[in-house]
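Residue strings, one per chain:
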Amino acid sequence: MKVVVALCFLLSAPLYAGTAVIVNANNNSGVDFDTVKKIYLGKMKAFPDGSRAIPLTFEQGNDTRNAFNNGVLGKSESQYSAFWSKLVFTGRGTPPEMIATEEEMLQLVATNPNTIGFVDESKVSGDVKVIGTF
């Protein structure tokens, strides 16, 4: 009986809003999470259809950035920063462009088909396409 009550409570609790990985609404390149990871780690510079990929991220200390780095990239903030510092120092990469707000992220992704970003899924509008949540 206790298990049934606990299960009912868990199922009726509101779900935590996750983070959505977004691309321009016209991007039909078939992006998956493996591709997202490769783009954000500088291993891919284009979407699967060959169009240029411009990754966007938030400034350091942003909770959504931390969730993305941990959940999708498997790196803490310090690991992510060290990773990009090494690539930049050796001339082998340019880190994602840093954005200040979710509104700016949504606007940039909505207006540029080459961008990819992430926001709290509750903020997603019809101008962008969600390719996955975590």
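Quick caveat, the model's predicted, so the values are computed rather than measured. (Residues numbered from 1 in each chain as written. Predicted model: local features only at pLDDT ≥ 70, side-chain atom pairs only at ≥ 80, totals over all residues. Heavy atoms only, no water.)

**Concerning the side chain of N27**
- Position of N27 relative to the elements: it lies in the loop between β1 (19-24) and α2 (33-40).
- For N27, a relative accessible area of 8% puts it in the buried group.
- Engagement of the side chain of N27 in a polar contact is seen with the side chain of S29, the distance being 2.7 Å.
- With near-sequence residues (within four places) excluded, N27 lies in contact with F47, P113 and K129. (Helix = DSSP H or I, 4+ residues; strand = E, 2+ residues; numbered from the N terminus. Buried < 20%, exposed > 50% of the residue type's maximum accessible area, 1.4 Å probe, protein only. Polar contact = N/O pair within 3.5 Å; in protein donor to acceptor, adjacent residues only side chain to side chain. Contact = heavy atoms within 4.5 Å.)

**Some thoughts on the pattern of salt bridges**
- This structure, assessed with the given rule, holds three salt bridges.
- E77 is paired through a salt bridge with R65; the nearest N and O atoms lie 2.8 Å apart. With a gap of twelve residues between them, E77 in helix α4 (residues 77-89) and R65 in helix α3 (residues 63-73) connect regions that are remote in the sequence. For the residue pair E77 and R65, the accessibility class agrees, reading buried in each case. (Salt bridge = Lys/Arg side-chain N within 4 Å of Asp/Glu carboxyl O.)

**Some points on the side chain of T35**
- Tracing the sequence through the fold places T35 in helix α2.
- Here T35 is in contact with M44 and P48, once residues within four sequence places are set aside.

**Looking at helix α5 (residues 102-111)**
- Residues E102, M105, L106 and V109 constitute the buried set of α5. Seen end-on, α5 carries its buried residues on one side only, within an arc spanning 95 degrees. Residues of α5 that are exposed and point over 90 degrees away from its buried face: E103 and T111.
- The inward-facing, buried residues of α5 contact β1, β2 (54-58), α3, β3 (97-99), β4 (115-120) and β5 (128-133). (Arc of directions from axis to C-beta.)

**Overview of α2**
- Within α2 the residues assigned to the buried category are T35, V36, I39 and Y40. Down the axis of α2, the buried side of the element spans an arc of 130 degrees, and every buried residue falls inside it.
- At its buried positions, α2 is contacted by β1, β2, α3, α4, β4 and β5.
- Backbone nitrogen of D34 and a side-chain oxygen of the N-cap are separated by 3.3 Å at the start of α2; the cap is D32.

**Focus: the environment of N114**
- With respect to the element layout, N114 can be found in the loop between α5 and β4.
- Exposure remark for N114: the relative accessible area of 21% places this residue in the partly exposed category.
- Sequence separation between N114 and N24 is 90 residues, and the spatial gap between their C-alpha atoms is 7.4 Å.
- Ignoring anything within four residues of it in the chain, the contact list for N114 reads F47, S51, R52, A53 and I54.
- There is a polar contact of 2.7 Å between the side chain of N114 and the backbone oxygen of R52.

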